[in-house]
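A closer look at the structure
Spelled out, the chains give:
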Amino acid sequence: VQLQASGGGLVQAGGSLSLSCAASTLTLSNYAMAWFRQAPGKERELVAAINWNGGSTTYADSVKGRFTISRYIAKNTVYLQMNSLKPEDTAVYYCAVGRITVISDYSTREFYDYWGQGTQVTVSS
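Let us look at the structure shown here.

The subject of this paragraph is the nonpolar core. Burial of nonpolar side chains together is a common tendency in soluble globular proteins. Core analysis: the largest hydrophobic core is formed by 30 residues, its most contacted members being Trp35, Leu80, Met82 and Tyr93. Elements represented by at least two residues in this core include exactly strand 1 (2-6), strand 3 (17-24), strand 4 (32-38), strand 5 (45-50), strand 7 (67-72), strand 8 (77-82), strand 9 (91-98) and strand 11 (119-124).

Next comes the structure, spelled out in structure tokens:
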């Protein structure tokens, strides 16, 4: 199983970026999907997660109202639209999938089965 993340880059504060993550050799219809991020010297943290059918989402408080997670089941792809970016959003962003059904479990890294390679997002002030 390979998760291929793309869409990272350099943007000025207040700008937008869109990340995508596509899975190969795996049907994601039964998996929750998520985006985590890790800044230098910090723990990897949940940014946003979406359940298997897209009907439920959860976000870190720091990105609520600015980021939107979505998924296109037919394309085995999850997206993260990031608006009003701040310098503190600078990190490597990772996509992950896992058979998670309890919303309180979305933030636990150990519950995810597969991870993408990460894509760098840099927000300049």
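Our focus in this paragraph is the state of the cysteines. On inspection of all chains with the given rule, the structure shows one disulfide. Put simply, cysteine 21 and cysteine 95 are joined by a disulfide, and their sulfur atoms are 2.0 Å apart. On the sign convention where negative means left-handed, the S-S torsion of about 55° between cysteine 21 and cysteine 95 marks this disulfide as right-handed. Here cysteine 95 lies in strand 9 and cysteine 21 lies in strand 3, a separation of 74 residues in the sequence. The pair formed by cysteine 21 and cysteine 95 is uniform in burial state, with each residue classed as buried.

Along strand 4, six of the seven residues are buried, which leaves the element largely enclosed by surrounding structure. Judged from the seven bridges that link them, strand 4 and strand 9 form a sheet pairing that is antiparallel. Residue pairing across strands places arginine 37 opposite tyrosine 93, the latter belonging to strand 9. The sheet contact formed by strand 4 and strand 5 spans five bridges and is antiparallel. When the bridges of strand 5 are listed, methionine 33 appears paired with isoleucine 50.

Reading the values: the criteria
Residues numbered from 1 in each chain as written. Predicted model: local features only at pLDDT ≥ 70, side-chain atom pairs only at ≥ 80, totals over all residues. Heavy atoms only, no water. Core = buried A, V, L, I, M, F, W, Y, C linked by side-chain atoms within 4.5 Å. Buried < 20%, exposed > 50% of the residue type's maximum accessible area, 1.4 Å probe, protein only. Helix = DSSP H or I, 4+ residues; strand = E, 2+ residues; numbered from the N terminus. Disulfide = S-S within 2.5 Å. Pairing = 2+ DSSP bridges.

Keep in mind that these numbers describe shape and distance, not what the molecule does.
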